[in-house]
Amino acid sequence: MESVRYYIHRHLEENKTLYAFVGVLFLMGVIFGAIIVNSLSLNQKQDLYTYLSRFFIGAAEGGFASKSDMFFQSFGHYLKYMGLMWLLGLSVIGLPVILVMLFLKGVVIGFTVGFLVNQMGWYGFLLSLVSVLPQNVLLIPAFIIVSVAAIAFSIKMIRQLAFKRHHMPFFPQLIRYTMLVAGVGIMVFLASTLEAFFTPALMEQVIKWSIQ
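Residues numbered from 1 in each chain as written. Predicted model: local features only at pLDDT ≥ 70, side-chain atom pairs only at ≥ 80, totals over all residues. Heavy atoms only, no water.

Chemist: Please explain the overall build of the protein chain as it appears in this structure.
Modeler: Scanning the protein chain from N- to C-terminus turns up eight helices and zero strands. Counting from the amino terminus, the protein chain carries its helices and strands in the arrangement α-α-α-α-α-α-α-α. Taking as baseline every contact in the protein chain between residues at least 6 positions apart, the subset at least 24 positions apart corresponds to 82%. Total accessible area on the protein chain is roughly 12,500 Å²; 71% of this is exposed by carbon and sulfur atoms. (Helix = DSSP H or I, 4+ residues; strand = E, 2+ residues; numbered from the N terminus. Contact = heavy atoms within 4.5 Å. Areas by Shrake-Rupley, 256 points an atom, 1.4 Å probe, with all protein chains shown as cover.)

Chemist: What is the right way to read the packing of helix H4 (residues 67-89) against helix H6 (residues 122-162) from this model?
Modeler: The description of two helices packed together rests on the angle between their axes and the distance between the axes. Across the interface, H4 lies against H6 with an axial gap of 8 Å and an inter-helix angle of 20 degrees. Considering their axes alone, H4 and H6 lie roughly parallel with respect to each other. You can see that H4 and H6 cross each other, and the crossing is right-handed. Facing Tyr78, Tyr81, Met82, Met85 and Gly89 of H4, the residues of H6 in contact are Leu139, Phe143, Val146, Ser147, Ala150, Phe153, Ser154 and Met157. Considered class by class, the residues forming the contact of H4 with H6 number ten nonpolar, three polar and no charged. (Axes fitted to C-alpha atoms, helices over the stretch in contact; angles between N-to-C directions. Parallel < 35°, antiparallel > 145°, perpendicular 65-115°, else oblique. Left-handed = near helix turned anticlockwise from the far one by under 90°. Nonpolar A, V, L, I, M, F, W, Y, C, P; charged D, E, K, R; others polar.)

Chemist: Looking at this structure, I do not really get the pattern of salt bridges. What am I missing?
Modeler: Applying the stated criterion across every chain, the model contains two salt bridges. The residue glutamate 14 makes a salt bridge to arginine 10 at a minimum N-O spacing of 2.9 Å. Of the two residues, glutamate 14 and arginine 10 are both situated in helix H1 (residues 2-14); the distance of four residues between them amounts to about one turn of the helix. On the basis of relative accessible area, arginine 10 is assigned to the partly exposed category, the value being 38%. Ionic pairing is found between lysine 16 and glutamate 13, a salt bridge with its closest N-O pair at 3.7 Å. According to the relative accessible area criterion, lysine 16 is exposed, its value standing at 52%. (Salt bridge = Lys/Arg side-chain N within 4 Å of Asp/Glu carboxyl O. Buried < 20%, exposed > 50% of the residue type's maximum accessible area, 1.4 Å probe, protein only.)

Chemist: In this structure, what is going on with helix H5 (residues 95-120)? I would like to understand it.
Modeler: Residues separated by three or four positions in an α-helix point in the same direction, a consequence of the helix having 3.6 residues per turn. Taking 1.5 Å of rise per residue, 26 residues should cover 38 Å, and H5 covers 38 Å from first to last C-alpha, within 8% of that figure. Trailing H5 by a residue or two, glycine 121 shows a phi angle of about 65 degrees, which is positive. (Expected span 1.5 Å × (residues − 1).)

Chemist: What's the story with a nonpolar patch on the surface in this structure? I'm lost.
Modeler: Taken together, the side chains of Val117, Trp122, Phe125, Leu129, Leu133 and Val137 define a hydrophobic patch exposed on the protein surface, amounting to about 600 Å² of accessible area. Its place among the elements puts leucine 133 in helix H6. Classification of leucine 133 by relative accessible area gives partly exposed; the value is 45%. (Patch = residues over 30% accessible without salt bridge, like charges linked within 9 Å, V, L, I, M, F, W, Y side chains within 5 Å.)

Chemist: In this structure, what is going on with helix H7 (residues 170-197)? I would like to understand it.
Modeler: Over its 28 residues, H7 runs 41 Å from end to end, which matches the ideal 40 Å to within 8%, given 1.5 Å per residue. What H7 keeps buried is the set Gln173, Leu174, Tyr177, Leu180, Val181, Val184, Gly185, Val188, Ala191, Ser192, Glu195 and Ala196.

Chemist: Where do I start with the nonpolar core in this structure?
Modeler: A general tendency of soluble globular proteins is for nonpolar side chains to be buried together. In terms of nonpolar packing, the biggest core is built from 41 residues, with Met82, Phe143, Ile151, Tyr177 and Val188 touching the most fellow members. Where this core is concerned, the elements lending two or more residues are helix H2 (16-39), H4, H5, H6 and H7. Considering every element that reaches this core, the biggest residue donor is H6, with 14 residues. Each residue touching methionine 82, except ones within four places of it in the same chain, is listed here: Phe143, Val146, Val181, Val184, Gly185 and Val188. In this structure, Val37, Leu52, Phe115 and Ile207 belong to the second largest nonpolar core, which totals eleven residues. (Core = buried A, V, L, I, M, F, W, Y, C linked by side-chain atoms within 4.5 Å.)

Chemist: How do you make sense of the confidence of the model for the protein chain when you look at a structure like this?
Modeler: Reading predicted coordinates in detail is not appropriate for stretches of low pLDDT. This prediction gives the protein chain a mean pLDDT of 84; 88% of its residues lie at or above 70. Looking over the protein chain, one finds the lowest element-wise mean pLDDT in helix H3 (residues 42-60), namely 72, and the highest in H2, namely 93. (pLDDT = per-residue confidence, 0-100.)

Chemist: Please explain the packing of aromatic side chains as it appears in this structure.
Modeler: Two descriptors summarise a pair of aromatic rings, namely the distance from one centre to the other and the angle between the planes of the rings. This structure, assessed with the given rule, holds twelve aromatic pairs. Relative to phenylalanine 197, the ring of phenylalanine 71 has its centre 6.5 Å away and its plane inclined at 45 degrees; by these criteria the two rings are tilted. Of this pair, phenylalanine 71 sits in helix H4 while phenylalanine 197 is found in helix H7, placing the two residues 126 residues apart along the sequence. Among the residues examined, phenylalanine 197 registers a relative accessible area of 44% and is labelled partly exposed. (Phe/Tyr/Trp six-rings, centres within 6.5 Å; stacked < 30°, edge-to-face > 60°.)

Chemist: When you look at the packing of H2 against H6 in this model, what are you seeing that I'm missing?
Modeler: Running from N to C, H2 and H6 point in directions that differ by 130 degrees, and their axes come no closer than 10 Å. It follows that H2 is oblique to H6 by the angle criterion. Here H2 runs over H6; the crossing is right-handed. Listed contacts from H6 to Leu18, Tyr19, Val22 and Phe26 of H2 are Ile140, Ile144, Ile145, Ser147, Val148, Ile151 and Ala152. Considering only residue class, the contact of H2 with H6 consists of ten nonpolar, one polar and no charged.

Okay, structure coming up:
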C-alpha cells in the first residue's frame with residue numbers, strides 16, 4: 001500500500017505541469033462546446049430540440065434500456081476510449097491525437113450542458129446536473145489521468161529516440177504505464193455503474209417534472 005502511495009505521489013510530482021496543461025485544454029473544450037451552441041441556426045436548434053423532446057417523452061414513460069444493457073454499453077465504450085489512448089501513448093505520433101480526443105470530450109460535455117440550458121433554462125440546467133454530472137465526476141478525472149499518463153509515456157519514448165545515451169529500460173516503464181491505466185479502469189467501472197443504475201432514475205424524475 002505504501003508503495004502505491006509513493007508511486008501516485010511521484011507520478012503527480014513528475015507530471016504536475018502536464019496535468020495543468022491537460023486540465024486547461026479540457027476546460028477550453030468545454031467552453032468551446034458551449035460557444036458552439038450559440039453558433040447554431042434556429043432550424044438546427046429546433047431540430048435538435050424536437051429530437052430531444054421525443055427522447056424525454058419516451059424516458060418519462062420508462063423508455064430507457066435495461067440497466068444491465070446500459071452498463072455494458074457505457075463500460076465497453078469507455079474502456080475502448082481508454083484503450084485507444086493507451087495505445088496512442090505507445091506511439092510517437094499518437095501524442096497530438098490524445099490531446100484532440102480529450103479536447104473533443106470537453107466539447108461534447110460543454111455542448112450538451114450549453115444546449116440544455118439554452119433551450120430549457122433552469123429545467124435544462126437541472127437536467128444537465130442529473131444526466132451529465134454524476135458519472136463525469138469520475139470520468140473526467142479518469143480521462144485526464146489516462147491522457148497525462150499516455151502523453152508522459154510518449155514523451156519518454158521521444159526522448160529516448162532523440163537522446164539514446166539516456167536510455168532507460170522500456171519494459172518496466174510499460175508495466176507501470178499499463179498498471180496506472182488499468183487502475184483508472186476502476187473509476188470507469190464506478191462511473192458506468194452510476195450512469196446505468198443511478199442517473200436514469202434521476203433523469204426520469206426531472207423529465208416528468210419538466211413536462212408537467
